[in-house]
Amino acid sequence: MKSVLVLNGPNLNLLGTREPQIYGSATLADVEASLRQQAGHLGLSLACFQSNHEGAIVDRIHAARTEGVSFILINPGAFTHTSVAIRDAFAGVAIPFVEVHISNVHKREAFRHHSYLSDIAEAVMAGFGIQGYGLALQFIAAKLAGAPAK
Ligand code: DQA
């Protein structure tokens, strides 16, 4: 069974109470439970990890290679706009990944328009709300099943 790692960066542990007008009312536990259920239907094994610490996310990406993870789904939170270290970790392990943002970062402040990850991601989703996670997982499942590229 192919395995997928779901990573969430800083402040995403606050989903449900954090700026609900932007991020909605579902909690991270709700998002992860729904992804686990979907992964079951798609025949994928799924692990989830959230951290507010850049180095912990880098370490988790490195461990994913040792574990043989096939694909990563990441919402890097604010590290999207700041982290060369997370970019280098992805380049270093060469595990394909999808970048997901709950909000449409392009409709927000200018500092959210640049991502250190987008140009090396397989795909990027922004503005689909928490549905974006599920849509990204569907995309990943299709890619892993050998579906034609995007
Ligand atoms: C976010 C967008 C980022 O700009 C922000 O720092 C986040 C969440 C999103 O999911 O829309 O923490 O990644």
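For the structure, see preceding data.
Every value quoted in this text rests on a predicted model; they were computed, and no experiment measured them.

Things to note about the pattern of salt bridges
Step number 1: On inspection of all chains with the given rule, the structure shows 5 salt bridges.
Step number 2: Among the salt bridges present, the one from Arg 112 reaches Glu 109, with a minimum N-O distance of 2.7 Å.
Step number 3: Look at Glu 109 and you get partly exposed, because its relative accessible area is 35%.
Step number 4: A salt bridge links Glu 122 to Lys 143, with the nearest nitrogen and oxygen atoms 3.8 Å apart. Taken together, the residues Glu 122 in the loop between β4 (97-101) and β5 (123-126) and Lys 143 in helix α5 (residues 131-144) connect sequence positions 21 residues apart.
Step number 5: With a relative accessible area of 27%, Glu 122 lands in the partly exposed category.
Step number 6: Residues joined by salt bridges that share partners form a network here, namely Arg 108, Glu 109 and Arg 112.

Some remarks on the layout of surface pockets
Step number 1: Empty space within the largest pocket amounts to approximately 170 Å³.
Step number 2: Arg 18, Tyr 23, Gly 77, Ala 78 and Arg 112 are, among the 16 residues lining the largest pocket, the residues nearest its centre.
Step number 3: In the lining of the largest pocket, the residues fall into 6 nonpolar, 7 polar and 3 charged.

A word on the pairing of strand β3 (residues 71-75)
A regular strand places its side chains on the two faces of the sheet in alternate fashion.
Step number 1: Of all 5 residues in β3, 5 are buried; the element is thus mostly enclosed.
Step number 2: Of the two faces of β3, the one carrying Phe 71, Leu 73 and Asn 75 and the one carrying Ile 72 and Ile 74 are both buried.
Step number 3: Looking at chain direction, strand β1 (residues 3-8) and β3 are connected through 5 bridges and run parallel. The partner of Val 6 across the bridge, within β3, is Leu 73.
Step number 4: Alignment of β3 against β4, held across 3 bridges, turns out to be parallel.

A look at the pairing of β5
Step number 1: Burial along β5 is one-sided: the residues Ala 123 and Met 125 are buried and none of Val 124 and Ala 126 is.
Step number 2: Bridge analysis of β4 against β5 gives 4 bridges, and the strand direction is parallel. Bridge pairing in β5 places His 101 opposite Ala 126.

Thresholds applied
Position numbers for residues start from 1 in each chain and track the written sequence from start to end. Given that this is a predicted model, residues contribute local features only at a pLDDT of at least 70 and side-chain atom pairs are listed and counted only at 80 or more, while totals for whole chains, interfaces and linings are drawn from all residues. Values shown for side chains rest on all heavy atoms present in the structure; no hydrogens or waters enter the calculation. By definition here, a salt bridge exists when the distance from a side-chain nitrogen of Lys or Arg to a carboxyl oxygen of Asp or Glu is within 4 Å. Three exposure classes are used, based on accessible area relative to the maximum for each residue type with a 1.4 Å probe and protein chains only: buried under 20%, partly exposed in between, and exposed over 50%. Helix and strand labels come from DSSP, where a helix needs a run of H or I of at least four residues and a strand needs a run of E of at least two; each type is numbered from the N terminus. Grid points spaced at 1 Å over the protein atoms alone were grouped into cavities, where a 1.4 Å probe fits but cannot get out, and pockets, open sets with protein on both sides within 12 Å along at least five of seven lines, with lining residues defined by an atom within 4 Å of a point. Grid points are joined across faces, edges and corners, and a volume is the space filled by probe spheres set on the points. Under this grouping Gly is polar, as are all residues other than the nonpolar Ala, Val, Leu, Ile, Met, Phe, Trp, Tyr, Cys and Pro and the charged Asp, Glu, Lys and Arg. Strands were regarded as paired on the criterion that DSSP finds at least two bridges between them.

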